[in-house]
There are 2 protein chains.
Amino acid sequence: MNKNNVTNVSIVGIGQTPVAEHWNLSVRHLALQAMRAALEDAGLESVDAVIVGNALGGVISNQNHLGALLTDFAGMRGVEGVRVEGADASGGLALHQGVMMIASGLAQTVMIIGVEKVTDVVGSDRMSALATFLDTDYESAQGATPVGMAALIMRRYMHEYGVQLSDFANFSVNAHTNGARNANAMFRNLIKADRFASAPVVADPVNLFDAAPEGDGAAAVILTNSERAADMVPHPVAILASTVASDALAVHDRPDPLFLSAANLSASRAFERAELAPRDVDMLELHDATTVMAALSLEACGFAARGEGWKLAAENKIGLSGQLPLSTFGGLKARGNPLGATGVYQAVEAALQLRGEAGENQVVEAQVVMTQNLGGTGSTAVTHLFGK
Amino acid sequence: MNKNNVTNVSIVGIGQTPVAEHWNLSVRHLALQAMRAALEDAGLESVDAVIVGNALGGVISNQNHLGALLTDFAGMRGVEGVRVEGADASGGLALHQGVMMIASGLAQTVMIIGVEKVTDVVGSDRMSALATFLDTDYESAQGATPVGMAALIMRRYMHEYGVQLSDFANFSVNAHTNGARNANAMFRNLIKADRFASAPVVADPVNLFDAAPEGDGAAAVILTNSERAADMVPHPVAILASTVASDALAVHDRPDPLFLSAANLSASRAFERAELAPRDVDMLELHDATTVMAALSLEACGFAARGEGWKLAAENKIGLSGQLPLSTFGGLKARGNPLGATGVYQAVEAALQLRGEAGENQVVEAQVVMTQNLGGTGSTAVTHLFGK
């Protein structure tokens, strides 16, 4: 067992659906597919608790109370169920709560199911739903949306550090390269670096090749304590650290809009608890909702100096065999961003890598995998470190 | 320390606002009052984590992501924050997650803040928001609302057990008697038993004297482990058990619509873990959203035989000096039902009783207090047992 496994919690089952526009599936049917796959993977028929990561069930599908609903629908009526929400960090937060439950000893097996059904609404309805992630009174009420706020941050980044839109291109090129090999990815097409800067604008300077698409999807993991995990499955994945930090919801309330302090805090706490450092991380699934958020995460977590996060991409160090592989299954950009499920997809992908089951997306000799799931403009940051 | 304190978690701080129509306060300002009061009560300036219990922030106030928002607004920027949702059981679920976090040893102090701002919408908007607690595809889509479903259940109860509407009167009379002495109660008027059955109808047979009013409110508790609690405050309150169970969201999916199986399961688990029985409970805060739900909770938890829960009220055993005092600060009926905050109000009231600080509402020699918070039509049930 990994000496750094301070949580003593491991993943023993994983499941996921493709991220797509699942117009023929409701929230419950989508979730069921991932829940069943995870139970089968773990060789279990039920668990002690189900934690749902979901951001917009109440707003888009008029369905709150998903904890009880999904627990029952998956054939586990009676089992404790709860929903956890923190914008597009809901999945990471749900995983964190699950780690706490196992670590408490009060539950033996916990399923985390991240699920989102977002494509039932489009246009301004979609934007209004997403705007609930921001500070409603001071940002959304002025018409701001998450991608609009990312655009302001990106413009400021380009101004402060003297970089061009095209300098961010390789984040997306890499994501699509990896997504093309992932059967569960929303976009499996390749994109060309020299076409990046001229893609149709979404919110200037953020464009269609820069912003990740929201998609429908469900992903699940099952946790138990590490001793039990070793007896249950051939390749349990240890959760070396699970940390959460917060920042102001409104970007204008932050002393420095180019510093993701929650990302920094949660990463620092994770490294400290696991007695690891950024140099120990073999690959990273980060929250590339836009390329500038990817760059800022890299800087906040200690993988790059301030203002130099983009260089890791520009210098092509983020491929599967690079110095720090990113978005190894396509990331938010190509696998897609199923909001409240995203953090659980990251965990599933981390587990696949550490189990050596990543197929064409395998990072050779991945020993320590990090995931970072952000909510809103980084107001919530959830960091996990995984090992064998 | 209580020998039955298997969770080893205690409450060291409490705070609450009045339940009312707080039209001049936003969600964040309302929450802040309770959070500050709880910090002051515990003698703390910050905590390791904030867990928000809230049901409808996204639907009514267009504000999701309350974990980070409230953590920051209360002056604790950086601290981990998360929102937990399970309809009107959100507060109880948040408390349960907090117990797990302390029990894990991964957090030393956790604040649970239940908050709801529901009176900004009225009429069909209010009903639509509340209907997200039910099964949207199979109940709400047909026009069902929580009080409408309670009405169907109550009619069935009256039919099966041959009781009259007036037989439920004393649940509400008792709640208002206790609420009249509680400065934080939404309704402080007394009601007369002989007027109960003729009150204006809400959803036949449920009437205005039967259904609890939704209100705005915020309540907070701070948890730490019991050893630390004993050093921090003069009267820590031990959490003897914290359990959650689920049932089908749709009432028609249940084999018996008059048996709250989640309430039964969560209570059984709580008694088992704390090595206690219903006879050991000195007072109970239950989820009296309607009187029939109070009767069904009493039956499900072992305080009354099937079909006889109403008798505890009718035989006047539920007063402050009765055999089983209920709704000692007014319950949902008179203190008011602030949805996602309700479960935290119950915990605050339990703590006040066990600290001997309940004033005119004091239950003499209360040693073991039970709370039960239900979501929807009992699809989620959260049971807590508290002791000294």
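So, a few notes on the structure that sits alongside this text. (Residues numbered from 1 in each chain as written. Chains lettered and ligands numbered in written order. Predicted model: local features only at pLDDT ≥ 70, side-chain atom pairs only at ≥ 80, totals over all residues. Heavy atoms only, no water.)

1. Some details on the overall build of chain A
Here is step 1: If you tally the helices and strands in chain A, you get 14 helices and 11 strands.
Here is step 2: Rg of the C-alpha trace for chain A: 19 Å, near the compact-globule value of 21 Å for 388 residues, within the 12% margin.
Here is step 3: In terms of principal-axis extent, the alpha carbons of chain A reach across some 55 × 45 × 40 Å.
Here is step 4: Evaluated residue by residue, chain A yields a buried proportion of 69% over its 388 residues. (Helix = DSSP H or I, 4+ residues; strand = E, 2+ residues; numbered from the N terminus. Rg over C-alpha atoms; globule rule 2.2 N^0.38 Å. Buried < 20%, exposed > 50% of the residue type's maximum accessible area, 1.4 Å probe, protein only.)

2. Re the packing of aromatic side chains
Here is step 1: Evaluation of the coordinates by the stated rule reveals 6 aromatic pairs over all chains.
Here is step 2: When the ring of Phe271 of chain B is compared with that of Phe303 of chain B, the centres are 6.5 Å apart and the planes differ by 70°; the resulting orientation is edge-to-face. Placement of Phe271 of chain B in helix H10 (residues 261-274) and of Phe303 of chain B in the loop between helix H11 (291-300) and helix H12 (309-314) is noted, with a sequence separation of 32 residues between them.
Here is step 3: Among the residues examined, Phe271 of chain B registers a relative accessible area of 8% and is labelled buried.
Here is step 4: Grouping aromatic residues by their ring pairs yields a cluster made of Tyr157, Tyr161 and Phe168 of chain A.
Here is step 5: A cation over an aromatic ring shows up here: Arg28 of chain A above the ring of Phe73 of chain A, its NZ or CZ 5.8 Å from the ring centre. (Phe/Tyr/Trp six-rings, centres within 6.5 Å; stacked < 30°, edge-to-face > 60°. Lys NZ or Arg CZ within 6 Å of the ring centre and 35° of its normal.)

3. Considering unusual backbone geometry
Residues and elements named next belong to chain A.
Here is step 1: A cis amide bond links Asp204 to the next residue, Pro205, at an omega of 5°.
Here is step 2: Structurally, Pro205 is set in the loop between strand E5 (201-203) and strand E6 (206-207).
Here is step 3: Even without being glycine, Asn316 reaches a positive phi, approximately 60°.
Here is step 4: As for its placement among the helices and strands, Asn316 is situated in the loop between helix H12 (309-314) and helix H13 (331-334).
Here is step 5: By relative accessible area, Asn316 is classed as exposed at 56%.

4. A word on the relation of the copies chain A and chain B
Here is step 1: By a simple turn and slide, chain A fits onto chain B: the slide is 0.0 Å along the axis, the RMSD is 0.0 Å, and the turn is 180°. These values place the two chain copies in the arrangement generated by a two-fold rotation axis. Measuring from the rotation axis to each C-alpha of chain A, the shortest distance belongs to Ser104 of chain A, at 1.8 Å. (Least-squares fit on C-alpha atoms with pLDDT ≥ 70 in both.)

5. Brief notes about the pairing of strand E2 (residues 49-53) of chain B
All names here are of chain B.
Here is step 1: Among the 5 residues of E2, 5 are classified as buried, and the element is accordingly described as predominantly covered.
Here is step 2: Where E2 meets strand E3 (residues 80-85), 5 bridges bridge the pair, whose relative direction is parallel. Across the sheet, residue Ile51 finds its bridge partner in E3, namely Val82. (Pairing = 2+ DSSP bridges.)

6. What about the interface of chain A and chain B?
Here is step 1: At the junction of the two partners, chain A supplies 59 residues and chain B supplies 59 residues.
Here is step 2: Summed over both partners, the interface of chain A with chain B comes to about 4,500 Å²; 50% of that surface belongs to carbon and sulfur atoms.
Here is step 3: The three residues of chain A that bury the most area against chain B are His65, Glu85 and Leu106 of chain A, which together make up 15% of that side's buried surface.
Here is step 4: Remark: the boundary between chain A and chain B carries 6 salt bridges.
Here is step 5: As a salt-bridge pair, Glu85 of chain A and Arg83 of chain B come within 3.0 Å of each other at their nearest N and O atoms.
Here is step 6: At the junction of chain A and chain B, the tally comes to 30 residue pairs in polar contact (both at pLDDT 80 or more).
Here is step 7: Of all the secondary-structure elements, those providing two or more residues to the side of chain A that touches chain B are helix H2 (57-60), helix H3 (66-73), strand E3 (80-85), helix H4 (90-104), strand E8 (237-246) and helix H10 (261-274) of chain A.
Here is step 8: Ranked by residue count, the leading element in the side of chain A that touches chain B is H4 of chain A, at 7 residues. (Contact = heavy atoms within 4.5 Å. Buried area = accessible area lost by both parts, 1.4 Å probe. Salt bridge = Lys/Arg side-chain N within 4 Å of Asp/Glu carboxyl O. Polar contact = N/O pair within 3.5 Å; in protein donor to acceptor, adjacent residues only side chain to side chain.)

7. Considering helix H4 (residues 90-104) of chain B
Residue and element names in this part refer to chain B.
Here is step 1: With 15 residues, H4 should reach 21 Å at 1.5 Å per residue; the first-to-last C-alpha distance of 21 Å fits that figure.
Here is step 2: Buried residues dominate H4, accounting for 14 of its 15 residues.
Here is step 3: Phi turns positive, to about 80°, at Gly105, one or two residues after H4. (Expected span 1.5 Å × (residues − 1).)

8. A short note on the environment of Val201 of chain B
All names here are of chain B.
Here is step 1: With respect to the helices and strands, Val201 occurs in strand E5 (residues 201-203).
Here is step 2: On the basis of relative accessibility, which here comes to 57%, the residue Val201 falls in the exposed class.
Here is step 3: Taking the C-alpha atoms as reference points, Val201 and Ala211, 10 residues apart in sequence, are found 9.7 Å from one another.

9. Some details on the pattern of salt bridges
Here is step 1: Going through the model one piece at a time under the given rule, you end up with 32 salt bridges over all chains.
Here is step 2: A salt bridge links Arg28 of chain A to Asp137 of chain B; the nearest nitrogen and oxygen atoms lie 3.4 Å apart. Of this pair, Arg28 of chain A sits in helix H1 (residues 27-42) while Asp137 of chain B sits in the loop between helix H5 (123-131) and helix H6 (146-161), which puts the two residues in different chains.
Here is step 3: Owing to a relative accessible area of 5%, Arg28 of chain A belongs among the buried residues under this scheme.
Here is step 4: A relative accessible area of 37% places Asp137 of chain B in the partly exposed class.
Here is step 5: The residue Arg155 of chain B makes a salt bridge to Asp204 of chain B at a minimum N-O spacing of 3.0 Å. You can see Arg155 of chain B sitting in helix H6 and its partner Asp204 of chain B sitting in the loop between E5 and strand E6 (206-207), a full 49 residues away along the chain.
Here is step 6: Given a relative accessible area of 39%, Arg155 of chain B falls into the partly exposed group.

10. Here's the deal with the nonpolar core
Taken as a class, soluble globular proteins show a tendency for nonpolar side chains to be buried jointly.
Here is step 1: Residues Val221, Leu223 and Phe386 of chain A together with Val221, Leu223 and Phe386 of chain B are the most contacted members of the largest nonpolar core, which totals 88 residues.
Here is step 2: Ignoring sequence-local partners within four residues, the contact set of Leu223 of chain A consists of Val9, Ser10, Ile11, Leu95, Gly98, Val99, Ile102, Gln108, Thr109, Val110, Ile112 and Ile239 of chain A. (Core = buried A, V, L, I, M, F, W, Y, C linked by side-chain atoms within 4.5 Å.)

11. Some points on the side chain of Thr17 of chain B
Here is step 1: Its location among the elements puts Thr17 of chain B in the loop between strand E1 (9-16) and helix H1 (27-42).
Here is step 2: The contact partners of Thr17 of chain B, leaving out residues within four places of it in the chain, are His22, Leu30, Gln33, Ala34, Asn184, Gly217, Ala218 and Tyr345 of chain B.

12. Examining the packing of H4 of chain A against H4 of chain B
Here is step 1: Close contact between H4 of chain A and H4 of chain B brings their axes to 7 Å; oriented N to C, the two are set at 55°. It follows that H4 of chain A is oblique to H4 of chain B by the angle criterion. For the crossing formed where H4 of chain A meets H4 of chain B, the hand is left-handed. Packed against H4 of chain A, whose contacting residues are His96, Gln97, Met100, Met101, Ala103 and Ser104 of chain A, the element H4 of chain B presents His96, Gln97, Met100, Met101, Ala103 and Ser104 of chain B at the interface.
Here is step 2: Here the residues of the contact of H4 of chain A with H4 of chain B are counted per class, giving 6 nonpolar, 6 polar and no charged. (Axes fitted to C-alpha atoms, helices over the stretch in contact; angles between N-to-C directions. Parallel < 35°, antiparallel > 145°, perpendicular 65-115°, else oblique. Left-handed = near helix turned anticlockwise from the far one by under 90°. Nonpolar A, V, L, I, M, F, W, Y, C, P; charged D, E, K, R; others polar.)

13. Section: the pairing of strand E7 (residues 217-225) of chain B
Successive side chains on a regular strand alternate, one facing one side of the sheet and the next facing the other.
Residues and elements named next belong to chain B.
Here is step 1: Most of E7 is tucked away, with 9 of its 9 residues classed as buried.
Here is step 2: Two elements, E1 and E7, share 7 bridges in a ladder whose sense is antiparallel. In the strand pairing of E7, Ser10 is matched with Thr224.
Here is step 3: Bridge count between strand E4 (residues 109-116) and E7: 8 bridges; the pairing is antiparallel.

14. Points about the environment of Arg181 of chain A
All names here are of chain A.
Here is step 1: Counting through the fold element by element, Arg181 comes out in the loop between helix H7 (169-179) and helix H8 (193-196).
Here is step 2: In this structure Arg181 comes out as partly exposed when scored by relative accessible area, which is 33%.
Here is step 3: When the C-alpha atoms of Arg181 and Leu106 are compared, they prove to be 40 Å apart, with 75 residues separating the residues in sequence.

15. Section: H10 of chain A
Residues and elements named next belong to chain A.
Here is step 1: A rise of 1.5 Å per residue sets the reference length of H10, with its 14 residues, at 20 Å; its end C-alpha atoms lie 20 Å apart and thus fit the reference within 8%.
Here is step 2: Taken together, the buried positions of H10 are Ala262, Ala263, Ser266, Ala267, Ala270, Phe271 and Ala274. In a view along the axis of H10, the buried residues occupy a sector of 155°, so they form one face of it.
Here is step 3: If you follow the buried residues of H10, they end up packed against E8, helix H11 (291-300), strand E10 (368-375) and strand E11 (380-387). (Arc of directions from axis to C-beta.)

16. Remarks on the environment of Asn170 of chain B
Residues and elements named next belong to chain B.
Here is step 1: Position of Asn170 among the secondary structure elements: in helix H7 (residues 169-179).
Here is step 2: For the pair Asn170 and Ala314, spaced 144 residues apart in the sequence, the C-alpha separation amounts to 5.9 Å.
Here is step 3: Not counting chain neighbours up to four residues away, the residues in contact with Asn170 comprise Ala313, Ala314, Asn316 and Ile318.
Here is step 4: Among the polar contacts listed, one links the side chain of Asn170 to the backbone oxygen of Ala313, at a separation of 2.9 Å.

Coordinates in, geometry out; function isn't part of it.
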